[in-house]
Amino acid sequence: QVQLVESGGGLVQAGGSLRLSCVASGTVFRIDAMGWYRQAPGKQRELVAVISSGFTTKYADSVKGRFAISRDNAKNTVFLQMNNLKPENTAVYYCNRPVWLDKWSPGDIWGQGTQVTVSS
């Protein structure tokens, strides 16, 4: 079965950087779109970034210019480079295989999540 395993979260000061990784197994990774979502306390889970099988990317407006999603098909891994982090970026970040249904929608498989905490 499909498994997604995230890593790379942690505690960082505002203005700092983190790089999240997600390793996928049980899937033909190179044909999947991959994405990162996040959920802050008391808020709904939201899309952060998506990268298609053709390497097209899409970002939430709030992270454009600061976050970068990439993928390494040889390693079945998707990355999220997060720069100039802000306290409002504090959340649990989840890996997902989103699907296109007139817009990017989350697939049914989620990783366990990785906590990102940004201190002011």
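Here, every reference points to the structure presented above.
Just so we're clear, the structure is a prediction, and the values are computed from it rather than from any experiment.

Quick notes on the rules
Residues numbered from 1 in each chain as written. Predicted model: local features only at pLDDT ≥ 70, side-chain atom pairs only at ≥ 80, totals over all residues. Heavy atoms only, no water. Helix = DSSP H or I, 4+ residues; strand = E, 2+ residues; numbered from the N terminus. Polar contact = N/O pair within 3.5 Å; in protein donor to acceptor, adjacent residues only side chain to side chain. Contact = heavy atoms within 4.5 Å. Phe/Tyr/Trp six-rings, centres within 6.5 Å; stacked < 30°, edge-to-face > 60°. Buried < 20%, exposed > 50% of the residue type's maximum accessible area, 1.4 Å probe, protein only. Lys NZ or Arg CZ within 6 Å of the ring centre and 35° of its normal. Pairing = 2+ DSSP bridges. Axes fitted to C-alpha atoms, helices over the stretch in contact; angles between N-to-C directions.

Looking now at the side chain of N89. For N89, the position within the fold is in the loop between β8 (77–82) and β9 (91–96). Within the local environment of N89, its side chain forms a polar contact with the side chain of R66, the two groups lying 3.0 Å apart. Here N89 is in contact with R38, R66, F67, V116 and V118, once residues within four sequence places are set aside.

On to the packing of aromatic side chains. In total, this model carries three aromatic pairs according to the counting rule given. Ring geometry for Y37 versus W110: centroids 5.2 Å apart, planes at 80°, classification edge-to-face. One end of the pair, Y37, is in strand β4 (residues 34–39); the other, W110, is in the loop between β11 (104–105) and β12 (114–119), with 73 residues separating them in the sequence. Taking relative accessible area as the criterion, W110 reaches 30% and is therefore assigned partly exposed. Between W100 and W104, the ring centres sit 5.4 Å apart and the planes meet at 75°, which makes this aromatic pair edge-to-face. On the basis of relative accessible area, W100 is assigned to the exposed category, the value being 53%. Positioned above the aromatic ring of Y94, the side-chain terminus of R45 is 3.8 Å from the ring centre.

The strand order across the open sheet built from six strands is β2-β12-β9-β4-β5-β6, with neighbouring strands paired in mixed fashion. Both edges of this open sheet fall to β2 (10–13) and β6 (57–59), since each of them pairs with a single strand only. Taken pair by pair, the neighbouring strands of this sheet meet at an average axis angle of 25°, ignoring direction. Bridge count for strand β5 (residues 46–51) against β6 is three bridges, and the pairing is antiparallel. Among the inter-strand pairings, I51 is bridged to a residue of β6, identified as T57.

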